Amino acid sequence: MKAVRAKTPRRPALKKPSNPGLKDPVGVYCRVRPLSRPDQECCIEVINETTVQIHPPDGYRIFRNGEYRETQYSFKEVFGTLVVQKELFDVVAKPLVEDLIRGKNGLLFTYGVTGSGKTHTMTGSPGDGGLLPRCLDMIFNSIGPFQAKRFVFKLDDKNGVDVQCEVDALLERQKRDAMPVPKTPSGKRQIDPEFADMINVQDHCKVEEVDEDNVYGVFVSYIEIYNNYIYDLLEEAPFDPIKPKWNNCNTPVRNGDFIPPQSKILREDQNHNMYVTGCTEVEVKSTEEAFEVFWRGQKKRRIANTQLNRESSRSHSVFIIKLAQAPLDADGDNVLQEKEQITLSQLSLVDLAGSERTNRTKAEGNRLREAGNINQSLMTLRTCIEVLRENQMYGTNKMVPYRDSKLTHLFKNYFDGEGKVRMIVCVNPKAEDYEESLQVMRFAEMTQEVEVARPVDRPLCGLTPGRRFRNQAFREELSRKLEMRGGPINGETEEQSVSEMFLQNFPPLPSCELLDVNDDQTLPKLIEVLEKRHKLRQMLSEEFAKNVLAFKTMLQEFDSSVVSKENYIQGKLSEKEKTIAGQKMELERLEKKIKTLEYKIEILEKTATIYEEDKRNLQQELESKSQKLQRQASDKRRLEARLQGMVAETTMKWEKECERRVAAKQLEMQNKLWVKDEKLKQLKAIVTEPKNEKPERPSRERDREKPVQRSVSPSPAPNAPPVRLRHRRSRSAGERWVDHKPPSNLPTETVMQPHVPHAITVAAASEKALAKCDKYMLTHQELASDGEIETKLIKGDVFKTRGGGQAVQFTEIETLKQESPTGRKRRSSPSNPDPPEDAADSEWTDVETRCSVAVEMRAGSALGPGYQHHAQPKRRKP
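Small disclaimer: the values here were computed from a predicted structure and weren't measured. (Residues numbered from 1 in each chain as written. Predicted model: local features only at pLDDT ≥ 70, side-chain atom pairs only at ≥ 80, totals over all residues. Heavy atoms only, no water.)

Caption draft 1: Expanded view of the confidence of the model for the protein chain. The pLDDT averaged across the protein chain works out to 77; a share of 73% of its residues lies at or above 70. Every residue in residues 248-258 is under pLDDT 50, and counting partners more than four places away or in other chains gives 16 contacts. Segment residues 824-878 is flagged for pLDDT under 50; beyond a separation of four residues in sequence, or across chains, it makes 82 contacts in the model. (pLDDT = per-residue confidence, 0-100. Contact = heavy atoms within 4.5 Å.)

Caption draft 2: View of the side chain of serine 116. Here serine 116 is to be found in the loop between strand E7 (105-112) and helix H3 (118-122). Serine 116 gets classed as buried once you look at its relative accessible area, which sits at 3%. A polar contact of 2.8 Å, which involves the side chain of serine 116, links it to the backbone oxygen of valine 113. A distance of 3.3 Å separates a polar side-chain atom of serine 116 from the backbone oxygen of cysteine 426. Sequence-distant contacts of serine 116, defined by excluding residues within four places in its chain, comprise Arg33, Cys426, Val427 and Asn428. (Helix = DSSP H or I, 4+ residues; strand = E, 2+ residues; numbered from the N terminus. Buried < 20%, exposed > 50% of the residue type's maximum accessible area, 1.4 Å probe, protein only. Polar contact = N/O pair within 3.5 Å; in protein donor to acceptor, adjacent residues only side chain to side chain.)

Caption draft 3: Expanded view of the sheet that holds strand E3 (residues 44-46). Strand order in the open sheet formed by three strands is E3-E4-E5, and the pairing between neighbours is antiparallel. The strands lining the two open edges of the sheet, one partner per strand, are E3 and strand E5 (71-74). With direction set aside, neighbouring strand axes in the sheet form an average angle of 25°. Lying on the sheet, helix H13 (residues 434-447) is in contact with E3, strand E4 (51-54) and E5; it crosses E5 at an angle near 40°. (Pairing = 2+ DSSP bridges. Axes fitted to C-alpha atoms, helices over the stretch in contact; angles between N-to-C directions.)

Caption draft 4: Region of interest: a nonpolar patch on the surface. A contiguous nonpolar surface patch, about 420 Å² in accessible area, is contributed by Leu680, Leu683, Ile686 and Val687. With respect to the helices and strands, the residue leucine 680 is situated in helix H16 (residues 522-688). (Patch = residues over 30% accessible without salt bridge, like charges linked within 9 Å, V, L, I, M, F, W, Y side chains within 5 Å. Areas by Shrake-Rupley, 256 points an atom, 1.4 Å probe, with all protein chains shown as cover. Salt bridge = Lys/Arg side-chain N within 4 Å of Asp/Glu carboxyl O.)

Caption draft 5: Examining the packing of helix H2 (residues 85-101) against helix H4 (residues 131-143) more closely. Across the interface, H2 lies against H4 with an axial gap of 9 Å and an inter-helix angle of 45°. Judged by the inter-axis angle, H2 sits oblique to H4. Crossing geometry of H2 relative to H4 is assigned as right-handed. On H4, the residues that touch Gln85, Lys86, Leu88, Phe89, Ala93, Lys94, Val97, Glu98, Leu100 and Ile101 of H2 are Leu131, Arg134, Cys135, Met138, Ile139, Ser142 and Ile143. (Parallel < 35°, antiparallel > 145°, perpendicular 65-115°, else oblique. Left-handed = near helix turned anticlockwise from the far one by under 90°.)

Caption draft 6: Representation of the pairing of E4. What you see with E4 is no split at all: Thr51 and Gln53 on one side and Val52 and Ile54 on the other are buried throughout. Once E3 ends, the chain turns through four residues before running back antiparallel as E4. One ladder, built from four bridges, connects E4 with E5; its direction is antiparallel. In the strand pairing of E5, threonine 51 is matched with serine 74.

Caption draft 7: Structural detail: the pattern of salt bridges. Enumeration over the complete set of coordinates arrives at 29 salt bridges. The salt bridge involving arginine 150 is made with glutamate 289; its shortest N-O contact spans 3.5 Å. Here glutamate 289 lies in helix H8 (residues 287-298) and arginine 150 lies in the loop between H4 and strand E10 (153-155), a separation of 139 residues in the sequence. Given the relative accessible area of 28%, arginine 150 is considered partly exposed. Taking the relative accessible area as the measure of exposure, glutamate 289 reaches 24% and is therefore partly exposed. Through salt bridges that share partners, Glu657, Arg660 and Arg661 make up one connected network.

Right, dumping it as structure tokens:
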């Protein structure tokens, strides 16, 4: 079993700074291509500058069960069939080129079905260049006079760039010039007329604000993603007689000079940016040279003939433009040799292969496999956009599946905040592409909701701006001054010319030959000439001394002026240094404050996230409890309805039973009273009649004719003294009590009444009353099991709490109950006669009678909040 070696953890590298708070949505534009034939049915209509409407064709709604639905989609801008390439470039691609020169990245890709005009939009046609040649022309128009010499910038193998001095760059150029030029088909022929027409852009568009103190270098590369493999279209495949030969259809041939290129690998650099390893990157100095490189790779791109397009792209092509820029030194002559000051920006122009359905393209074999890989990569792109949109809209943190496809893996940095992203949706309005166009529109509308973080501006180098032109102006002025003083002095040759001019001013020497001893003319002439030369030399020496003295005076004056200026400059510099030091301290303070505020903002964001999560949980809990309460309320209503039915049924049953029992009892009591009356009459007759007389039996018939009327209850004697109510003596009469009697209690007519002396009677318990007493009594009434009113006296002790309030602790309960010894029901007023049978408003004091008849709620009742008892009188039998 092999031992698994642990991977060395990668040291985290610093990413490019971006503004997470400032985000821009993905710019999505729509371009509608014209119909190939005027008689074709159109299913897409441009409503206005930002909206298109797509409607099903006539046959489609019949096939779809008569459903006819028009759908409108909105974009950042819509370009109709009559739009020209320049208008599209000015709106979509020109801002990306401006950002490229300012050191920011950009991504522009065309998306659509097969035959919708994606390649035409990106590349163009003869006489009408597309976005790619116009981007190249704008770049070189902007940086043309500021380009560095070839090989000053040198790209490494790790997606970085180095800067070389002029000597190294010169050696590199000489070495490359000495190398033999590889024999390629593109080098044997002249530039194609189509090629020349496509790059012949007469607009001369350029960026207005270009940093003139920088030098620039442009590098281009061209790759394609075919069957989820990356191939370099600029790679020159050498001839190898050993390896088998292959043609464009991936089948071996006997005689050929083409070897299939090796696929490339994606890697991640130190800034976590993705790049293609071993990809050919060519430094170009003009639009023609750059487009020639592109055209050379375009010839190698895989295209095929399908049912939908005669030249259908079978791969995704990516043309990458890298712009390296570095500042000049303080003198404005040479490039600053600091790698940290180099800025490398990138613009990727992507021509996606068209999505297609195999039942329409009739693809088989390799074409079928190519279509499957194309659709799979586009589906992965759509999935990544959907996950990004969901994470941004709903706050989720799902992993974006960039690695599922080479296309999405290569450009994941752009969606993570490394530059602007623009997409051009190309659609064909013909009716046959309705379903594919509908899917494209939905994907484009969803893509607009994804936001990308805005990259920050590059830092300043700190050197004086305008140093390039100041240096050039200084050189021109210096050469002009030297020309005014007699030309420039260039070493020994010019010194000789000056000395020769100086000697020519002297008189010429005569011949010094003495042929005769008596010659007295040669020596006097020589002496005369030498004297003249001596005088001239003295004059020149005196003039030279005067000039030296004047020059010394000028130097002294110049030195004094220089010293004074240096002192002035030193004073100014000290003031500026103090100002800079103060500004640095202020910047440090502001940076610390910014860090503190960022930390606070982060804490507040985390707190807000926690609160939002708690809020969602509480809302869910509230909803569940509300549903539970609704279910309980519905169950309670059903139970109440059921109980009301049972109560009504039971009440009716017991009313009938009570009426039957009362009627039987009344009949029995009438018979007993009649028997007693008879006995009393007989006894009275016996007592009152004389003894010698025979008692006469009263006639029964006469008594029946005159029945004795009796009262329900005997009336009290008129002269009887009133009974004095006896008060129940409290067991704690010496203490102060709070007598709490709710207003809903009914007064009872009992002899013994609860009474506490020196008590504070209240209708509702209050803190003020409890503070004055140490005992508490609550009078509570309820119905007993036999229907009588039962009074309970609930007693308790009052004590103070730590918070300064009062609390009651209940200790005992006294119960007062009233019963009838015979079980006979009493009426509220004993002296009143029997009420008439039709009296409906008479009230009974019998609690059982009242409660067995009805319970009804009425506002303002004396029995409590909304309760009052009513009873119908029992009908007496005649």
